[in-house]
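Chain and residue survey
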Amino acid sequence: MTATRTIVFSPDQLAEVRRLQGLYPDKRGALLPVLHMAQDAFDYVSLEVQEYVAGLFDMAPSHVHEVVTFYTLYFQQPKGRHVVAVCHNLSCYLAGSREILAHVKQRLGIGVGETTDDGRVTLQSVECLCACEAAPMMQVDDRYELNLTPEKVDRILGELR
Ligand code: FES
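Our subject in this report is the structure included herewith. What you see is a predicted model, and the numbers here were worked out from it, not measured in a lab.

1. Concerning the overall build of the protein
- Of regular secondary structure, the protein possesses seven helices and four strands.
- Secondary structure elements of the protein, listed N to C terminal, follow the sequence α-α-α-α-β-α-α-β-β-β-α.
- Here the protein holds 161 residues, and the buried ones make up 20% of them.
- A sequence separation of at least 24 residues applies to 55% of the contacts in the protein between residues at least 6 apart.

Next up, the structure:
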């Protein structure tokens with residue numbers, strides 16, 4: 001029997017939702033931060049969570065789904081203990097991000113959007129992270145790794161536990 005998760009914010013979290021919604025002329029302006037709250041509270045933004053959040057904004061779940069699928073910061077499935085996000089935008093592309101991404105995939109044995117079997121790493125390929133002067137680059141959790149080479153990638157990935 002599988003456990004069912006309860007998708008409901010606590011009273012404090014609901015108060016924060018109302019506070020955030022009150023900051024904008026149109027409460028929909030608070031959708032992104034509330035989705036972040038939901039991701040923190042429920043680990044990832046499943047369809048069930050999207051539906052719950054849509055209810056808080058009196059909007060269609062399909063609209064919330066469009067937002068969630070547009071931004072790589074929202075995870076629709078459980079993510080790994082670490083998130084590796086390789087930039088694929090122009091400066092990084094010209095500096096070799098395609099080879100870096102291929103190397104990361106090969107080292108981890110997973111594709112973009114996937115998580116290693118041991119739950120260690122989730123891999124993403126993302127748009128510009130505003131560190132173009134140090135291309136190619138990737139974000140590992142909350143830090144930037146710059147001027148990547150395959151050797152540097154090996155060291156970085158090897159340190160992730
Ligand atoms: S293009 Fe990669 S950080 Fe800007």
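Next comes the rest of the description.
2. Points about the environment of Arg 120
- Tracing the sequence through the fold places Arg 120 in the loop between helix H6 (97–108) and strand S2 (121–126).
- Since 15 C-beta atoms lie within 10 Å of it, Arg 120 is described here as partly exposed.
- As a C-alpha pair, Arg 120 and Gly 22 span 98 residues in sequence and 38 Å in three-dimensional space.
- Ignoring sequence-local partners within four residues, the contact set of Arg 120 consists of Gly 80, Arg 81, His 82 and Leu 160.

3. Focus on unusual backbone geometry
- At the junction of Ala 135 and Pro 136, the peptide bond is cis and its omega measures out at -5 degrees in the coordinates.
- Note that Pro 136 resides in the loop between S2 and strand S3 (138–140).
- Phi at Asp 141 is positive, roughly 55 degrees, even though this residue is not glycine.
- Take Asp 141: there are 10 C-beta atoms within 10 Å of it, and that puts it in the exposed class.

4. Some points on the sheet that holds S3
- Overall, mixed pairing links the four strands, which are arranged S2-S1-S3-S4 in an open sheet. Two strands in the sheet have a free side with no partner beyond their single neighbour: S2 and strand S4 (143–145). With direction set aside, neighbouring strand axes in the sheet form an average angle of 25 degrees.
- In the sheet, strand S1 (residues 82–87) pairs with S2 via six bridges, with the strands oriented parallel. If you follow His 82 over to S2, its bridge partner there is Val 121.

5. As for the nonpolar core
- Val 84, Val 86, Ile 100, Val 104, Met 137 and Met 138 are the most contacted members of the largest nonpolar core, which totals 15 residues.
- Put simply, the parts of the chain that give this core at least two residues each are S1, H6 and S2.
- Broken down by element, the residue count for this core peaks at four residues, all from S1.
- Apart from residues no more than four positions distant in its own chain, Ile 100 is found in contact with Val 86, Pro 136, Leu 148 and Val 153.

6. Observations regarding H6
- Taking 1.5 Å per residue, 12 residues should reach 16 Å; H6 reaches 16 Å between its end C-alpha atoms and fits that length.
- Along H6, the positions that sit buried rather than exposed are Ser 97, Ile 100, Leu 101 and Val 104. Buried positions in H6, seen along its axis, are confined to an arc of 95 degrees and lie on one side of it.
- Residues of H6 that are buried in the fold lie against S1, helix H5 (90–94), S2 and helix H7 (150–158).

7. Observations regarding helix H1 (residues 11–22)
- Helix length check: H1 (12 residues) gives 16 Å between terminal C-alpha atoms against 16 Å at 1.5 Å per residue, within 8%.
- Of all 12 residues making up H1, only one are buried, and the element is barely covered by its neighbours.

Calculation criteria
- Residues numbered from 1 in each chain as written.
- Predicted model: local features only at pLDDT ≥ 70, side-chain atom pairs only at ≥ 80, totals over all residues.
- Helix = DSSP H or I, 4+ residues; strand = E, 2+ residues; numbered from the N terminus.
- Buried ≥ 20, exposed ≤ 12 C-beta atoms within 10 Å, placed from the backbone.
- Contact = placed C-beta atoms within 7 Å.
- Pairing = 2+ DSSP bridges.
- Axes fitted to C-alpha atoms, helices over the stretch in contact; angles between N-to-C directions.
- Core = buried A, V, L, I, M, F, W, Y, C linked by C-beta atoms within 7 Å.
- Expected span 1.5 Å × (residues − 1).
- Arc of directions from axis to C-beta.

Geometric descriptors of this kind do not, in isolation, establish any biological role.
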